[in-house]
Amino acid sequence: MTGYFRTETSAWTELRVHGVSGTPPQGILEQPEVHRVSGDATSGFYRRVWPARMVSADNATRTLEAYSWGGLTSGTKLRALWLLLVPFLLVNVAFYARPADRRGRLKRAGDLVQRLFALSVTATLVMALVNVSMDFGGWQCGASCHTSWLGFLSWKWLDGPDRRIAVLALAPLAVIALLWRLAQRTWCDTEATPVPQADPDGQQSLLENRRMWNSARPVRRLRAVHISAALCLVGMFALAPFARDWPSLHAGGAVPWPKRGAEVLLALTLLLALVSLALACLPSMSDRPGSELPAANQDVDDSPADVGDTPADQRRSRLIAALPWVVLGVLVVSLVWLFVARPTVTGTPGDKRTVLPWLSMAIDVSIAAQGVLLVAMVGALIAMRPKKPDPAVPPAWGGFAAAVLMLFGSALSGTYAAALVLAVAHLIGKPQPRQQGIDPLVTSMPYFWAAALAVPISLAALVVGGIGFWRLRRSARTTLLPIVEKTYENHIPYPKTPAVDLDPDQRRAKNAAAARATAISRSWATATLDDTVRLFVAWFVGVTILLIVAAAVGFFIDQTAITDTFIPRALANIGDWLVGLFAAGLVYVGRQTFQNVSTRRLVGVIWDLGTFWPRAAHPLAPPCYAERAVPELINRVAFLTADRGRVVLSCHSQGAVIGAAVVNQLTYAQSSRIAFLTYGAPLRRLYARFFPAYFGPQVLSRTADLLLSDSPDPTHELTPWRNLFRHSDPIGGAVFAGTPSGADPADVLLLDPMFAKQPGNIAYPDTLGHSSYPDDPGWDGILKAVIEKQEKAERRRGRATAGAAGPPAPSDEPVESGA
């Protein structure tokens, strides 16, 4: 590489951290040629390359640097597989959406509910895989299915359901193995970055606990439990057709040895399933780093493997980690036993097709369990709600965000399952509630109810979305237009002069200004979309709950009504098409994500928002990028500030969330050398509402205090933190509530867009919204101001330290007046 780039530290380093969608380092630094000075291609630190040192803007006084972490969420093609893990993602994010008061028995009860709920979501996926492989192909179909790609089932050595089930059980086993491998690999690649050791004394918020970003033990334990339970389900459904009648317990004569062997293996599988369920209920599974503050005398190990583990904990972790291998061994023996010993089938599906034994019952139990757990979560959230919530930052959805996210995760996992089962049934036959018609594939009734339920839920979404759009347009006219006119009053000519009193040129100018104000009010209304979405999602959730309750009552009264009655059957048929379209759309998006970099970056926005949080409730969710980004930024800040250097942590959008986490993780000595500049930050607008325990108003105020070495500054006049936002930004907003006399000094409102056309330009200036904050004319002044704030704060600390140590020694240097 030709050119010059600075490698040394500077007095001030502006370290920019980008937001969602993976802005490349060239875009962050606004320089066509950059060089990576630390990290790798996935996440690294970059500086500008100049033709020569003499023309470089990076010098000993100030240097610009960028941290690019976009590769952690939108890098490789395998990210396309993450689309299937969105239900797991939602359930995991729900863990962090609970209120701040999470102590004692109530906290442990909430943890237990969410762990069991996550386990049921994993079971939903596994049972759908079992349905399309072992049930449709191995139990019902066999040689009678007229599909070319299932022709191997007619081979002579697969002439019975025992061998077909044993062979086709490899399909769900392969998917489980893939999830197992991905979960382990992504942890090693993304979440195993060591966090430097820090004294826990003085920590006041969950975000300050450095153990939050060391999740080895809980992730490994929960992963073992989920994988074990999934393997147990496969083994249970494989053995149930041959041993579910338990002849050894009630048969008078001798039981054939193949049958007795199947019974023993089924009993062992059920025992291991109970062990997995019992392990999920253990309180030690809730020992989630970052879910509570450590004691002042707690020893915090900086090892990424077993943070804070005692020898007993390590032995327990090894035993739990060995459980999936034990279950896998039993499953392999079971499948080999079915293939070789060939036990007889109880109720051979020769003349009459039925669902694989125990499968329908297990699906019903899983749905019922999710409903009970959701109700329990709602009760826990009611008990956790603060007595006096902050009216300035009301919690999202009345404080029930965790339950809503769990409901969405459950609904999406059910939709995935129904889409898979019904789509495969249509490919190789026709889904039917019982054996009837040509090539019927008897399908569990909940899938028909799910398809029928998709119709009114889709209609409700359309109606609610339409009302929300109308409300946005109405808000632009009635609420925001007067605000726009007042904000730009100097640009609107003849505001009080009637049009009839104006000449044609004046009338045209006034009409053009009015049209411009209307256009700006619409862009500002679009920026309030988050408020509208939260409100109408709450309405949509209420309608959805009513529909689900009605469907549950109908299912309990007569589950066959959905297929035997005209209107419900019509809904089920239409819903079948909707679910099929959903499956086709999911496949298309996955294909585009795999092949197209821009689509992968667009889909990566979901991962940017959802995978900030470490895996806590669901260990098979997409990996947490912050468990690598936060430690890397901590280490980089430590390097840049080691030799009396200072850092402006300049963070955009989601980068502001990462930056706030980093500030809370720094030592007092490090944070006192940091100036914080955020722009387009969703800290208060989104994160404080959805995750009050981690980004509530008190935590944000604490973050500001840490920049002053834990010296409170309620007015934020002295705090070296400035937050830029615009009325046109749909994501960012103010961070602090302000005072009755005005806005908080830390929050700086930028005017956007410019009202008038620029000289020589026939078009109006673009609305910048969430982007291009460094291009604002006031950027350099704000950056200089936040640097001055930090330098003044450091001088004050120096004088305070000198005063505490006694009067200074005599000096020949003059003393500034008023110093």
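Heads up: the structure comes first, above all this text.
1. Section: the overall build of the protein chain
Step number 1: For the protein chain, the helix and strand inventory stands at 25 helices and 10 strands.
Step number 2: Expressed as a percentage of the 819 residues in the protein chain, the buried residues total 52%.
Step number 3: Counting contacts in the protein chain only where the partners sit at least 6 residues apart, residues at least 24 apart contribute 80% of the total.
Step number 4: When the accessible surface of the protein chain is split by element, carbon and sulfur atoms take 63% of a total near 36500 Å².

2. Details of the nonpolar core
Step number 1: One finds Met134, Phe237, Phe612, Trp613, Leu683, Tyr694 and Phe695 to be the most contacted residues of the largest nonpolar core, which totals 163 residues.
Step number 2: Contacts of Leu683, omitting those with residues within four sequence positions, involve Ala656, Val657, Ala660, Ala688, Phe695, Leu700, Trp721 and Val735.

3. Here's the deal with the pattern of salt bridges
Step number 1: A complete count under the given rule lists 19 salt bridges for this structure.
Step number 2: Arg48 serves as the salt-bridge partner of Asp58, at 2.6 Å between the closest nitrogen and oxygen. Taken together, the positions of Asp58 in the loop between strand E3 (44–48) and strand E4 (62–68) and Arg48 in strand E3 put the pair 10 residues apart, joining distant regions of the chain.
Step number 3: With relative accessibility at 2%, the residue Asp58 sits in the buried group.
Step number 4: Assessed through its relative accessible area of 13%, Arg48 is described here as buried.
Step number 5: A salt bridge links Asp564 to Arg434; the nearest nitrogen and oxygen atoms lie 3.3 Å apart. Within this pair, whereas Asp564 is found in helix H16 (residues 561–564), its partner Arg434 is found in the loop between strand E5 (430–432) and strand E6 (440–442), the two being separated by 130 residues in sequence.
Step number 6: Using a relative accessible area of 41% as the deciding quantity, one classes Asp564 as partly exposed.

4. Looking at the environment of Ile467
Step number 1: You can see Ile467 is positioned in helix H13 (residues 445–487).
Step number 2: A residue is classified by how much of its surface remains accessible, and Ile467, at 37% relative accessible area, is partly exposed.
Step number 3: Between the C-alpha atom of Ile467 and that of Thr532, which follows or precedes it by 65 residues, the distance is 9.9 Å.

5. Structural notes on the sheet that holds E3
Step number 1: Taken in spatial order, the 8 strands of this open sheet run E2-E3-E4-E1-E7-E8-E9-E10, and their pairing is mixed. For this open sheet the edge positions go to strand E2 (34–39) and strand E10 (747–750), each flanked by a neighbour on one side alone. Direction aside, the axes of adjacent strands within the sheet are offset by 25° on average.
Step number 2: Against the sheet, helix H20 (residues 654–665) makes contact with strand E1 (12–17), strand E7 (646–652) and strand E8 (674–679), and its axis sits at roughly 145° relative to E7, the strand it touches most.

6. A word on the packing of helix H3 (residues 86–96) against helix H4 (residues 104–141)
Step number 1: At a closest axis distance of 10 Å, the pairing of H3 and H4 adopts a crossing angle of 180°. In terms of axis orientation, H3 runs roughly antiparallel to H4. Each of Pro87, Phe88, Val91, Ala94 and Phe95 in H3 lies in contact with H4, whose residues at this interface are Asp111, Gln114, Phe117, Ala118, Val121, Thr122 and Leu125.
Step number 2: The class makeup of the residues in the contact of H3 with H4 is 9 nonpolar, 2 polar and 1 charged.

7. Focus: H13
Step number 1: Counted at 1.5 Å a residue, the expected span for H13 with its 43 residues is 63 Å, and the 59 Å between its end C-alpha atoms agrees.
Step number 2: Maximum bend of H13: about 50°, positioned at Leu480, with proline Pro482 one to four residues after it.

8. Quick notes on the side chain of Thr122
Step number 1: Along the chain, Thr122 falls in helix H4.
Step number 2: For Thr122, a relative accessible area of 4% gives the class buried.
Step number 3: The contact partners of Thr122, leaving out residues within four places of it in the chain, are Phe88, His226, His618 and Leu620.

9. Structural notes on a positive patch on the surface
Step number 1: Side chains of Arg471, Arg473, Arg474, Arg477 and Arg522 sit close together on the surface and give a patch of like positive charge.
Step number 2: Here Arg471 is to be found in helix H13.

10. A few points about the layout of surface pockets
Step number 1: Roughly 1700 Å³ of volume is contained in the largest pocket.
Step number 2: Taken together, 47 residues make up the lining of the largest pocket; nearest its centre are Leu407, Ser410, Ala411, Leu453 and Ile548.
Step number 3: Sorting the residues of the lining of the largest pocket by element identifies H4, helix H11 (359–384), helix H12 (401–428), H13, helix H15 (529–557) and helix H17 (566–595) as the ones contributing at least two each.
Step number 4: When residues of the lining of the largest pocket are assigned to their parent elements, the largest contribution, 12 residues, is made by H12.
Step number 5: Residues that form the lining of the largest pocket fall into these classes: 36 nonpolar, 10 polar and 1 charged.

11. Describing unusual backbone geometry
Step number 1: With omega at 0°, the peptide bond leading from Asp752 into Pro753 counts as cis.
Step number 2: By the element assignment, Pro753 lies in the loop between E10 and helix H25 (779–804).
Step number 3: Unlike most non-glycine residues, Trp397 shows phi in positive territory, near 55°.
Step number 4: With a phi angle near 60°, Ser772 is a residue other than glycine that sits in the positive phi range.
Step number 5: Note that Ser772 resides in the loop between E10 and H25.

12. Re the pairing of E2
Step number 1: In this structure, E2 lies alongside E3, joined through 5 bridges in antiparallel fashion. Pairing of Gly39 across the sheet is with Gly44, part of E3.
Step number 2: Where E2 folds back onto E3 in an antiparallel hairpin, the turn is made up of 4 residues.

13. A closer look at the packing of aromatic side chains
Step number 1: As enumerated under the stated definition, the model contains 29 aromatic pairs in all.
Step number 2: On the numbers, 4.8 Å between centres and 45° between planes, the contact of Trp180 with Trp325 is tilted. Taken together, the positions of Trp180 in helix H6 (residues 170–191) and Trp325 in helix H10 (residues 311–341) put the pair 145 residues apart, joining distant regions of the chain.
Step number 3: The side chain of Arg98 reaches across the aromatic face of Phe95, ending 5.5 Å from its centre.
Step number 4: The aromatic ring of Phe45 is capped on one face by Arg636, whose charged end is 5.4 Å from the ring centroid.

Conventions used here
- Going along each chain's sequence as written, the residues are numbered from 1 onward.
- Given that this is a predicted model, residues contribute local features only at a pLDDT of at least 70 and side-chain atom pairs are listed and counted only at 80 or more, while totals for whole chains, interfaces and linings are drawn from all residues.
- To obtain the side-chain values, all non-hydrogen atoms of the structure were included, while hydrogens and water were left out.
- The secondary structure listing takes helices from DSSP runs of H or I that are at least 4 residues long and strands from runs of E that are at least 2 residues long, numbered from the N terminus.
- Buried, partly exposed and exposed residues are distinguished by accessible area as a fraction of the type maximum, computed with a 1.4 Å probe on protein chains only: under 20%, between the cut-offs, and over 50%, respectively.
- Residue contacts are defined here by distance: any two heavy atoms, one from each residue, within 4.5 Å place the two residues in contact.
- For the area figures, the Shrake-Rupley method with a 1.4 Å probe applies, and any residue is considered shielded solely by the protein chains shown.
- Each nonpolar core is a collection of buried residues, namely Ala, Val, Leu, Ile, Met, Phe, Trp, Tyr and Cys, held together in the definition by side-chain atoms within 4.5 Å.
- Between Lys or Arg on one side and Asp or Glu on the other, a salt bridge is scored when a side-chain nitrogen of the former is within 4 Å of a carboxyl oxygen of the latter.
- At least two bridges found by DSSP between two strands is the condition for calling them paired.
- Only the stretch in contact is used when fitting a helix axis, every axis being a line fitted to C-alpha atoms; angles between N-to-C directions are given from 0 to 180 degrees.
- Our angle categories are set so that under 35 degrees counts as roughly parallel, over 145 as roughly antiparallel, 65 to 115 as roughly perpendicular, and the remainder as oblique.
- Residues are grouped as follows: Ala, Val, Leu, Ile, Met, Phe, Trp, Tyr, Cys and Pro are nonpolar; Asp, Glu, Lys and Arg are charged; every other residue, Gly included, is polar.
- Take the number of residues in a helix, subtract one, and multiply by 1.5 Å to get its expected span.
- Bend is computed residue by residue as the angle between axes fitted to the seven residues ending at the residue and the seven residues starting at it.
- To count toward a patch, a residue needs a relative accessible area over 30% and no salt bridge; like charges are then connected within 9 Å, while nonpolar side chains (Val, Leu, Ile, Met, Phe, Trp, Tyr) are connected within 5 Å.
- Charged residues are defined narrowly, with Lys and Arg counted positive, Asp and Glu counted negative, and His plus the chain ends left uncounted.
- A charged residue contributes its charge at one atom only: NZ of Lys, CZ of Arg, CG of Asp or CD of Glu.
- Only protein atoms enter the calculation, which uses a 1 Å grid: trapped sets of points that fit a 1.4 Å probe without letting it out are cavities, open sets showing protein on both sides within 12 Å along at least five of seven lines are pockets, and any residue with an atom within 4 Å of a point is a lining residue.
- Grid points are joined across faces, edges and corners, and a volume is the space filled by probe spheres set on the points.
- Centre distance within 6.5 Å is the pairing criterion for rings of Phe, Tyr and Trp, where only the six-membered ring of Trp is used; planes under 30 degrees apart are then read as stacked, over 60 as edge-to-face, and the remainder as tilted.
- Counting as a charge over the ring demands two things of the Lys NZ or Arg CZ atom: a distance within 6 Å of the ring centre and an angle within 35 degrees of the ring normal.

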